[in-house]
Amino acid sequence: MALALPSDADEWIDAWGERLNESEEYSEVGEGWGVEFNGDFLFHIRPDDTYDGEDLYFFVGLEDGVCTDAFRTDDPDGVDWGFAFRGEYGTWKRLLRQDLGAIDGLMSGEFELDGDMQRTLQYSDAAVVMTEEAAAVDTEFEY
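All values reported here derive from a predicted model rather than from experimental measurement. (Residues numbered from 1 in each chain as written. Predicted model: local features only at pLDDT ≥ 70, side-chain atom pairs only at ≥ 80, totals over all residues. Heavy atoms only, no water.)

Visitor: Can you tell me about the overall build of the protein chain, naming the residues and giving the values?
Guide: On a plain count of helices and strands, the protein chain comes out with six helices and seven strands. Starting at the N terminus, the α and β elements of the protein chain follow one another as β-α-α-β-β-β-β-α-α-β-α-α-β. The C-alpha radius of gyration computed for the protein chain amounts to 14 Å, which stays within 12% of the reference 15 Å derived for 143 residues, consistent with globular compactness. With respect to the principal axes defined by its C-alpha atoms, the protein chain has extents near 40 × 30 × 30 Å. A total of 143 residues make up the protein chain; the buried ones form 47% of that total. For the protein chain, contacts bridging at least 24 residues in sequence account for 69% of all contacts bridging at least 6. When the 8 positive and 37 negative side-chain charges of the protein chain are each reduced to one mean point, those points stand 6 Å apart. (Helix = DSSP H or I, 4+ residues; strand = E, 2+ residues; numbered from the N terminus. Rg over C-alpha atoms; globule rule 2.2 N^0.38 Å. Buried < 20%, exposed > 50% of the residue type's maximum accessible area, 1.4 Å probe, protein only. Contact = heavy atoms within 4.5 Å. Lys, Arg positive; Asp, Glu negative; His and termini not counted. Charge placed at Lys NZ, Arg CZ, Asp CG, Glu CD.)

Put into structure tokens, the structure is as follows:
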């Protein structure tokens, strides 16, 4: 059964976290990420001309190829993240449909990154697998 975004945001982020932990490929390419630095991510979905609802924030704890936590938060300042990845709803929709890659979206300015860009690029294979696993969550976009 498809999870609707944004209505099923809590269930959706749980499913993504589970997929990351079930992925042997993510375990391999994420090895070393978040070791001796804060590798936790805040993913921010902003309203745009197709979705005029509230901002959505997902926290994903990542360390050494493991998703340590995944949840939706209404308080982005209340979680300790090392990186934030931000974009509009329509851009996230393209990402999750695999019409846009995470790194390509970052380089084109469609997404913004708060955090160490160089470190992120060193782990670009992990970003690709994370995107693939997010896209594999059966998702229905409400807007």
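Let's pick the thread back up.
Visitor: Break down the pairing of strand β3 (residues 56–63) for me, citing the residues and quoting the values.
Guide: Counting buried residues along β3, seven of its eight residues qualify, which places the element largely inside the surrounding structure. Bridge analysis of strand β2 (residues 41–46) against β3 gives five bridges, and the strand direction is antiparallel. Bridging from a neighbouring strand, Phe 43 pairs with Phe 58 of β3. Where β3 and strand β4 (residues 66–73) come together, seven bridges link them in antiparallel fashion. Residue pairing in the sheet places Phe 58 in a bridge with Arg 72 of β4. The hairpin turn running from β3 into β4, its antiparallel successor, is two residues long, and Asp 64 in that turn takes a positive phi close to 55°. (Pairing = 2+ DSSP bridges.)

Visitor: For the packing of aromatic side chains, give the residues involved together with the corresponding values.
Guide: Counted according to the given criterion, the structure contains 20 aromatic pairs. Note on Trp 12 and Phe 58: the rings are 5.6 Å apart at their centroids and 40° apart in plane angle, and the pair reads as tilted. Of the two residues, Trp 12 sits in helix α1 (residues 9–22) while Phe 58 sits in strand β3, which places them 46 residues apart along the sequence. A residue is classified by how much of its surface remains accessible, and Phe 58, at 2% relative accessible area, is buried. Arranged with centres 5.1 Å apart and planes meeting at 75°, the rings of Trp 33 and Tyr 123 form a pair that is edge-to-face. Residue Trp 33 is located in the loop between α2 (24–29) and β2, and its partner Tyr 123 is located in the loop between α5 (117–122) and α6 (124–136); the two are separated by 90 residues in the primary sequence. Residue Trp 33 is classed as buried on the basis of its relative accessible area of 5%. A network of ring pairs unites the aromatic residues Trp 12, Trp 16, Trp 33, Phe 37, Phe 41, Phe 43, Phe 58, Phe 83, Phe 85, Trp 92, Phe 111 and Tyr 123 as a single cluster. Cation over ring: Arg 119 sits above Phe 37, and NZ or CZ is 3.9 Å from the ring centre. (Phe/Tyr/Trp six-rings, centres within 6.5 Å; stacked < 30°, edge-to-face > 60°. Lys NZ or Arg CZ within 6 Å of the ring centre and 35° of its normal.)

Visitor: Any details on the nonpolar core? Residues and values, ideally.
Guide: Of all hydrophobic cores here, the largest spans 37 residues; its most connected members are Trp 12, Trp 16, Phe 43, Leu 62 and Phe 85. Ranked by residues supplied to this core, first place goes to α1 with five residues. The contacts of Phe 43, once residues within four sequence positions are left out, are Trp 16, Leu 56, Tyr 57, Phe 58, Val 60, Phe 85, Trp 92 and Met 130. The next biggest cluster of nonpolar side chains, apart from the first, holds five residues, and it includes Tyr 57, Phe 59, Val 79 and Ala 84. (Core = buried A, V, L, I, M, F, W, Y, C linked by side-chain atoms within 4.5 Å.)

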